[in-house]
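Structure assessment
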Amino acid sequence: MGFGRFIGYVIGQHFISVNGRTAAAAAATTAAESAPPQPAMDSYRNPTEVQMSQIVQPCHSNHHGELSIGQLLKWIDTVACLSAESHAGCPCVTASVDDIYFEHTISVGQVVNIKAKVNRAFISSMEVGVQVSCEDLCSGQQWSVCKAYATFVAHSKLNSKVKLKPMEPQTEEENTEFSIAAERRRMRLAHTDTIKELISKSPAQADPESRDCNVTIPAEKTRVESVELILPPHANHQGNTFGGQIMAWMENVATIAASRLCNAYPTLKTIEMFQFREPSQIGDRLQFKAIVNNTFKNSMEVGVCVEAYLHEMEVSRRHINSAFMIFVVLNKDNQPRILPMLKPEAGDGERRFKEASARQKIRLDRRYVVCCKYTEVPLSVPWDQSNKVYLSYNNVSALKTLVMKGNWALASERDKFKMFILEEDRFLSVRIEMTICFNVLHAFLLLSDLRNRPQWDRHCASCKLVQQVDKEDMIYHVISHTISEENKPLDFVVLVSQRKPCSPGDPYVLAFRSVTLPTYPVMPAYTRGETLCSGFCFWQETAELTKVSYYHQATLGLLSYITTNVAGLSSNFYRTFQDCEQFLQKNKDKVPVQNP
C-alpha cells in the first residue's frame, strides 16, 4: 500500500470506463480537442547539442581489439567541451566528470556515436550530459555504451569566471534533465565530504571475503609510476593540458597496475568521479601514480593520482587530479574471474585498503538505490549510513522526473482544487493542486514536518520522527487509521527529503519514499505499507499566491485499493485538502522552525 493510501482513498487509480475508454482517456481527448495547436517539435534541436561519430581504428584499440577507454574519454571530453562552449560563448575547462559505468565494449570497425548537450547552467558552471552508443555497420545493430555527466567552468580571456546565461528547456526530456541537474550538483558538491564521513564511520577492519583463490599478492607489486611532458599537441585551445588526455593517461597507468596483480589483461568497468583541482600547462611534467588498493571477489579497485611540477628538483607539486577505477578480469566465457587476495603495504597502504572496502560498499548500495526497478518488490530500500546521500538523491530525482512528465490530463475540478492523472504502461500517477494565498516558504516548512500531519489529515493517526539524517532528510514512522485487507492499521517508514529552490523558478520540493530500518521492523499489530514515489512541490505564483501540488505514483498492485469519482473530486480527497488549507491558514502567523 502506497503513501497515497495514507492520505486517503483519494489518490485513486481505479477508473470508471466511459464508452469503452477510461475516464482518463476521455479527459485527455477532450483536453486535446480544446487545446490550442502546439508548434511541431520534430525539427527542434537543442542549440547546445554536439554530435561526434568515429570509426574505431586499430590505433584506437587495446590488446583485445576493443576501443581503449582512454581514447573514449578523450572523445567524450572533446564533445562535452564543444557543447559547453556553444552555450557559454567562451573557452571552458573541465571541472569534474561524474561516475561512469561502461555497459558494453566497442570493437575495431564499429562506430562510436557521442552526443552531448548542456542540461543546466548555474552561475559560472554548467552540467553537460553525454550519451555514448555503438553502431555495427554490418548488422545495423546499436546499443548503449555509457552515460556521463561533466561539469565545465567558463573562463574569459582574462582567466576570470564568466556569469552564464540560464538554460531554457523546451522538451519534456530537457525539463527533466534541467530539474535533476540541480540535485546531481548538490550530490557532486557533497561528494568528498560524504566519502570522508562514510570512511570515518566504517568498521576498522572489513570482514574478509570468502573466495576459492587463496593466492595473496603484495600491493607493492602493482605500483606504477609514469611521467609525461606536456607538449603543444597535449594542450587544448586555451593552452592548458587537455582534460581528456589526462584522463587517458590515468586509465593507462591504472590498467598496468591492474594487470600486474593478476598477470592478465583487465577490463575497466567503472570510473569514480574525476575532479580537476588545478590546471596544468605546456612545459609541465605530470607524474602519474597508480596502485591496486584492494581486491574483492570479482573486481579490484585501482587508485590513480596526478601531480604537476616544472623541474625534477621542485619540492612543491600541484595535485591535478585523482580517481578510483574498478577492473574485472574476464575468462574465456566472458565472465569475471575470481581474483587473488591483496596484502596491503604498511601505513598508507592499510589505510587505502580499508577505504577501498568502504567505497565498495558505497558503490553496491548506490547502484542498488539508483538502478532499483520500480516494479520490483519490496519497494522499500534499506537505509544506512553508506547510501544516505544516494537514497536522498534518488528520492528527490524520482519526484522531479514525475513532475516534469507531459500528458497530464485534467480528471476533475472542484472549487480551488484540481486533479490530474497520467496513465503509463505500469504506473498510474495522480497530481492534485490548489492555489492559496500563503507564503511559499511558510507552507513548505509547515508541511515538511510530518509530525503536523495528524492536525490536517484524518487518515493519519500518528507521525513520529525516528531519525534526523541531516538538515534536509528525515525518517518518520507513520501510523494510519486506514485498515488493510488483513484488518489491521497501516504503518509506514518514510524517508522525507526536502529541497529549497536552486535558482528562481524552481519549486520547493518535499519527496517521500519508503525505507527499511532495523530499528523499525514489521510489527504484528500493523500491515506495513510502502510508497514508491510521492510528495509535494510548492511554487511561488505571485508575491501573495502559492501553488501547492501533491504527486503520487502507484504500481499496478495498488490500483485495487483506491477508487475515485472522476466526475468530481472524491469527498475523501476534497476533505483532506480542505483540511490542509485550513491548517495552513490557522498557522499563518506562526513562524515554523527551520532545520539547523
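Here, residues in each chain are numbered from 1, in the same order as that chain's written sequence. Thresholds applied to this predicted model are a pLDDT of at least 70 for local features of residues and 80 or more for the giving and counting of side-chain atom pairs; totals over whole chains, interfaces and linings are not thresholded and use all residues. Values reported for side chains reflect all heavy atoms of the structure, with hydrogen atoms and water molecules removed beforehand.

A few words on the overall build of the chain. Only DSSP runs of H or I with at least four residues qualify as helices, and only runs of E with at least two residues qualify as strands; both kinds are numbered from the N terminus onward. Along its length, the chain carries 10 helices and 27 strands. The buried share among the 596 residues of the chain stands at 54%. In these tables, accessible area is a Shrake-Rupley quantity obtained with a 1.4 Å probe, and a residue counts as shielded only by the protein chains included in the view. Per element, the accessible surface of the chain, about 27,400 Å² overall, is 52% carbon and sulfur. Partly exposed describes any residue whose relative accessible area lies between the buried limit of under 20% and the exposed limit of over 50%, with all areas from a 1.4 Å probe on protein chains only and scaled to the type maximum.

A word on the pattern of salt bridges. When a carboxyl oxygen of Asp or Glu lies within 4 Å of a side-chain nitrogen of Lys or Arg, that pair is called a salt bridge. Applying the stated rule across the entire model yields 27 salt bridges. One salt bridge in this structure joins R186 and E183, with 3.7 Å as the shortest N-O distance. In this pair, R186 and E183 both sit in helix α4 (residues 172–189), three residues apart, roughly one turn of the helix. In this structure, the salt-bridge partner of K416 is E581, at a minimum N-O distance of 2.7 Å. Of this pair, K416 sits in the loop between β18 (409–414) and β19 (417–423) while E581 sits in helix α10 (residues 571–586), placing them 165 residues apart in sequence. We classify K416 as partly exposed; its relative accessible area is 41%. Where salt bridges share partners, they join D98, E127, E177, R184 and R188 into one cluster.

Turning to empty space enclosed by the protein, a few remarks are in order. Empty space left among the atoms is revealed by rolling a probe the size of a water molecule over them. The pocket and cavity definitions rest on a 1 Å grid over protein atoms only: a 1.4 Å probe that fits but cannot leave marks a cavity, an open set with protein on both sides within 12 Å along at least five of seven lines marks a pocket, and residues lining either have an atom within 4 Å of a point. Grid points are joined across faces, edges and corners, and a volume is the space filled by probe spheres set on the points. Scanning the model with the defined rule gives three cavities of 30 Å³ or more in all. For the largest cavity, the calculated volume is near 120 Å³. Residue lining of the largest cavity: K115, K117, N119, G129, V130, Q131, K147, A148, Y149, E173 and E177, and that is the complete set. Along the lines of polarity and charge, the residues of the lining of the largest cavity split into three nonpolar, three polar and five charged. Charged residues are taken to be Asp, Glu, Lys and Arg, nonpolar residues to be Ala, Val, Leu, Ile, Met, Phe, Trp, Tyr, Cys and Pro, and polar residues to be all remaining types, Gly included.

Think of each axis as a best-fit line through the C-alpha atoms, taken over the contacting stretch in the case of a helix, with angles from 0 to 180 degrees between the N-to-C directions. In contact at an axis separation of 9 Å, α4 and helix α8 (residues 388–403) are set at 165° when each is read in the N-to-C sense. Classified by the interaxial angle, the pair formed by α4 and α8 is roughly antiparallel. Relative to α8, the crossing made by α4 is right-handed. The segment α4 lies against α8, with T176, S179, I180, A182, E183, R184, R186 and M187 engaging V389, Y390, S392, Y393, V396, S397, K400 and T401. Across the contact of α4 with α8, the residue classes tally to seven nonpolar, five polar and four charged. The labels follow the angle: roughly parallel below 35 degrees, roughly antiparallel above 145, roughly perpendicular from 65 to 115, and oblique for the rest. For any pair of crossing helices, the crossing counts as left-handed if the nearer helix is rotated counterclockwise from the farther one by less than a right angle, and right-handed if it is rotated clockwise. The contact definition used throughout considers only heavy atoms, calling two residues in contact when any of these lie within 4.5 Å.

On to the packing of aromatic side chains, then. Pairing of aromatic rings covers Phe, Tyr and the six-membered ring of Trp, with a centre-to-centre limit of 6.5 Å; geometry is then stacked below 30 degrees between planes, edge-to-face above 60, and tilted otherwise. Throughout the structure, instances matching the rule amount to eight aromatic pairs. Look at Y550 and F577: their rings are 6.5 Å apart centre to centre, the planes differ by 65°, and that puts the pair in the edge-to-face class. Residue Y550 is found in strand β27 (residues 545–555), and its partner F577 is found in helix α10; the two are separated by 27 residues along the sequence. Judged by relative accessible area, which is 0%, Y550 ranks as buried. Residue classification places F577 among the buried residues on the basis of a relative accessible area of 1%. In this structure an aromatic cluster arises from ring pairing among F444, Y508, F512, F536, F538, Y550 and F577. Over a ring means this: the NZ of a Lys or the CZ of an Arg is within 6 Å of the ring centre and within 35 degrees of the ring normal. The lysine or arginine in question, R317, covers the ring of Y309, its NZ or CZ lying 4.0 Å from the ring centre. When the ring centre of F420 is taken as reference, the NZ or CZ atom of R431 above it lies at 3.9 Å.

Moving on: the pairing of strand β22 (residues 473–483). Looking along a regular strand, one sees the side chains alternate between the two faces of the sheet. Within β22, nine of the 11 residues are buried, leaving the element largely enclosed by the surrounding structure. Here, strands pair whenever DSSP counts at least two bridges between them. Here strand β21 (residues 460–468) pairs with β22 via seven bridges, running antiparallel. Following the sheet pairing, C460 is matched in β22 by S480. Between the antiparallel neighbours β22 and strand β23 (residues 489–499) lie five residues, among them N487 with a positive phi of about 65°.

With that settled, consider unusual backbone geometry. The phi dihedral of N263 is positive, around 50°, even though this residue is not glycine. Tracing the backbone through its elements, the reader meets N263 in the loop between α6 (243–262) and β11 (267–271). Its identity is not glycine, yet D415 carries a phi of approximately 50°, on the positive side. Within the element layout of this structure, D415 appears in the loop between β18 and β19.

In this section: the sheet that holds strand β5 (residues 100–101). Across the sheet, which stays open at both edges, the six strands sit in the order β5-β11-β15-β14-β13-β10 with antiparallel pairing between neighbours. Each of the sheet's edge strands pairs with one partner strand only, and the pair in question is β5 and β10 (224–229). The sheet strands contacting α6 are β10, β11, β13 (285–295), β14 (300–309) and β15 (318–328), and the helix crosses β13 at an angle near 40°.

M126, F274, M300 and V302 are the most contacted members of the largest nonpolar core, which has 77 residues in total. Those residues within four positions of M300 in sequence are excluded, and the remaining contacts are A258, L261, C262, V292, N294, T295, M325, I326, F327, V329 and L339. The set of buried Ala, Val, Leu, Ile, Met, Phe, Trp, Tyr and Cys residues whose side-chain atoms join them within 4.5 Å is what this entry labels a nonpolar core.

The antiparallel open sheet is built from six strands, whose spatial order is β3-β6-β7-β8-β4-β12. Either end of the sheet is taken by a strand with one partner, and the two such strands are β3 (50–55) and β12 (274–275). Relative to strand β8 (residues 142–154), strand β4 (residues 92–97) runs antiparallel, the two being bridged by five bridges. Within β8, the residue paired with C92 across the bridge is A154. Sheet contacts for α4: β4, β6 (111–121), β7 (125–135) and β8; angle to β6, the most-contacted strand, approximately 75°.

Along the chain, V112 falls in strand β6. Under the relative-accessibility criterion, V112 is labelled buried at 0%. Residues in contact with V112, not counting those within four places in the same chain, are M52, S53, Q54, V56, L67, L72, W75, I106, V132 and S133.

The next subject is the environment of S86. Along the chain, S86 falls in helix α3 (residues 69–88). Taking the C-alpha atoms as reference points, S86 and V118, separated by 32 residues in sequence, lie 9.1 Å from one another. Reaching out from S86, the side chain makes a polar contact with the backbone oxygen of S83 at a distance of 2.5 Å. Identification of polar contacts relies on pairs of N or O atoms within 3.5 Å, with a donor-acceptor requirement for protein atoms, meaning one able to donate a hydrogen and the other able to accept it, and with residues adjacent in sequence counted only if both atoms are side-chain atoms.

Turning to α3, a few remarks are in order. Expected helix span is taken as 1.5 Å per residue step, with the number of steps being one fewer than the number of residues. Between the first and last C-alpha of α3 there are 28 Å, a value that for 20 residues agrees with the 28 Å anticipated at 1.5 Å per step. In terms of burial, α3 is largely enclosed, as 16 of its 20 residues are buried. Sitting at the amino-terminal end of α3 is S68, which places a side-chain oxygen 3.2 Å from the backbone nitrogen of G70. In the segment just after α3, G89 is the residue with positive phi, at about 75°.

What follows concerns the confidence of the model for the chain. Mean pLDDT over the chain: 83, with 83% of residues reaching 70 or higher. A low-confidence stretch, residues 1–39 (pLDDT under 50), is modelled with 100 contacts involving residues beyond four sequence positions or located in other chains. Along the chain, pLDDT gives the predictor's confidence residue by residue, from 0 to 100.

Bringing the packing of α3 against α6 into the picture now. Look at α3 against α6: their axes get within 8 Å of each other, and the N-to-C directions meet at 165°. The angle between the axes of α3 and α6 places the two elements in the roughly antiparallel class. Relative to α6, α3 is oriented so that their crossing is right-handed. Contact residues: I69, G70, L73, K74 and D77 in α3; G243, G244, Q245, M247, A248 and E251 in α6. Of the residues that constitute the contact of α3 with α6, the class distribution is four nonpolar, four polar and three charged.

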